[in-house]
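In case you want the letters, here they are:
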Amino acid sequence: MGIKRGVDFYSYQQAQFFKELDLEGMLKEASSIDGVTGIEVLDEQSLPYPDPSDAFVENWHAMCKKYKLEPVTMDVFCDVLQFRDHVMSFEECAERLKHDIRLAKKLGFKNVRTLATTNIEILELALPTAEECDIRIAKEIHAPIPLNGQYVKEIQEVVEKTGTKHLGIVPDWGIFAYRPSEVTLDWYVRQGAKRETCELVDQFCMDNYTGKSDALSKIDLSMYTGGNVESFFHAYLKNGEAPEDLKPAFEMMERMVKEKVPDYKDIDFEVMGQALLLSRAKPEDLIPLLPIIVNFHGKFYNMSEAEGHPGVYIDKALDYEGPIKVLKEYGYDGYINTEYEGQRRFQDRTEKELISEVDQVRKHQSMLKRLIEE
């Protein structure tokens, strides 16, 4: 079958908020894109979670059939602070995950995606239910987590130990980002950051990407999420405290701004910190992981025309060409589900100036089609 194309309804969150697209509207829109055959949904965004009625389930299946779309993956969460008197235990989280697995089965999904920070013990506790329901549990691998880090290795170890076919990973394409997106940097400028800082962080990242520098490659972020890194960096700038393994990187970011940006402000350090949110994954890192890759989040931040090529779209911050070439060469048989995340970088503007998610998703799908078929 080869590489298949789907749409993650996360991409339409803004259109849903403004009531431009309801659930059926998203299904209809996705189905209208040439070559799209699958969908991915967030349970709390698209479903009457946690327990949809029988009428909803029946209508859901009817709509999927009507629009000829395959339910690929249901993205699930676990708010461990939802109770006032305690933090949820691993056992409680596993019970919630088991519930979500059964719900995914009822709705016709093949996979359940958990967050990157979901403890491996929780996944192991829920694994028998996944095997019983023939549902694959997949941990998301999201920037700045690398493909060769601990979060992936522990999944590999459980698979090797148990021989299970129902545990894997969902790589988020953001791991192939090699520079901050231009829409992110523009957003920071509108918030008061210096354009010089944006140019500095962009050049710093590009120097690492092209091999002119190895400063970023020495930083191990395999056990940190993006939110962790940003939070620790803010704390460091405020009081000088940080995890010992991150402190040298934080010191480097701070020093670069102070030495090279005239009249810098606090927000300029945050801009520079964007360099720490890159996984620096390489296309070839995918090769040994193909047996446990459940599907991909086709993350992107902004589609723009390639210079000199009208009608050809690219994301200037992400490498799509290299990884797709590897997937084609090694016979990947699964979905890349478009996941647009750039809308948040326009939401400081007026409603009339907001970006069109529908347009962005269509352009991203155009790029995927071109790269997969060329």
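Relevant structure appears above.
Rules of the game
Residues numbered from 1 in each chain as written. Predicted model: local features only at pLDDT ≥ 70, side-chain atom pairs only at ≥ 80, totals over all residues. Heavy atoms only, no water. Salt bridge = Lys/Arg side-chain N within 4 Å of Asp/Glu carboxyl O. Helix = DSSP H or I, 4+ residues; strand = E, 2+ residues; numbered from the N terminus. Buried < 20%, exposed > 50% of the residue type's maximum accessible area, 1.4 Å probe, protein only. Core = buried A, V, L, I, M, F, W, Y, C linked by side-chain atoms within 4.5 Å. Contact = heavy atoms within 4.5 Å. Expected span 1.5 Å × (residues − 1). Arc of directions from axis to C-beta.

Colleague: Please set out the pattern of salt bridges residue by residue, giving values where relevant.
Modeller: Within this structure, the stated rule accounts for 19 salt bridges. Salt-bridge contacts for Lys 110 lead to Glu 70; the nearest nitrogen and oxygen are separated by 3.9 Å. One end of the pair, Lys 110, is in the loop between α5 (90-106) and β4 (111-114); the other, Glu 70, is in strand β3 (residues 70-75), with 40 residues separating them in the sequence. Exposure remark for Glu 70: the relative accessible area of 30% places this residue in the partly exposed category. A salt bridge links Lys 299 to Asp 172, with the nearest nitrogen and oxygen atoms 3.0 Å apart. Of this pair, Lys 299 sits in strand β7 (residues 296-300) while Asp 172 sits in the loop between β6 (167-171) and α8 (182-190), placing them 127 residues apart in sequence. The two residues Lys 299 and Asp 172 agree in class, both being buried. Sharing partners across several salt bridges, the network here consists of Asp 172, Lys 299, Glu 339, Glu 341 and Arg 344.

Colleague: Can you lay out the nonpolar core for me, pointing to particular residues and giving the numbers?
Modeller: Counting residues in hydrophobic clusters, the biggest one holds 118 residues, and the most contacted among them are Phe 9 and Trp 60. Take this core: its biggest share by element is 7 residues, from helix α6 (residues 120-133). For Trp 60, the contacting residues outside a window of four places in its chain are Leu 23, Leu 27, Ile 39, Val 41, Pro 71, Leu 107 and Phe 109.

Colleague: I'd love a proper account of helix α7 (residues 150-162), names of residues and values included.
Modeller: A rise of 1.5 Å per residue sets the reference length of α7, with its 13 residues, at 18 Å; its end C-alpha atoms lie 18 Å apart and thus fit the reference within 8%. Listed as buried for α7 are Tyr 151, Val 152, Glu 154, Ile 155, Val 158 and Val 159. Down the axis, α7 shows its buried residues gathered within 165° of arc, on one side only. Of the exposed residues in α7, those oriented more than 90 degrees away from the buried face are Glu 160 and Lys 161. Check the buried side of α7 and you find it contacts α6, β5 (136-141) and β6. Backbone geometry just downstream of α7 places Gly 163 in the positive-phi region, at approximately 75°.

The quantities given are spatial measurements derived from coordinates; they are silent on function.
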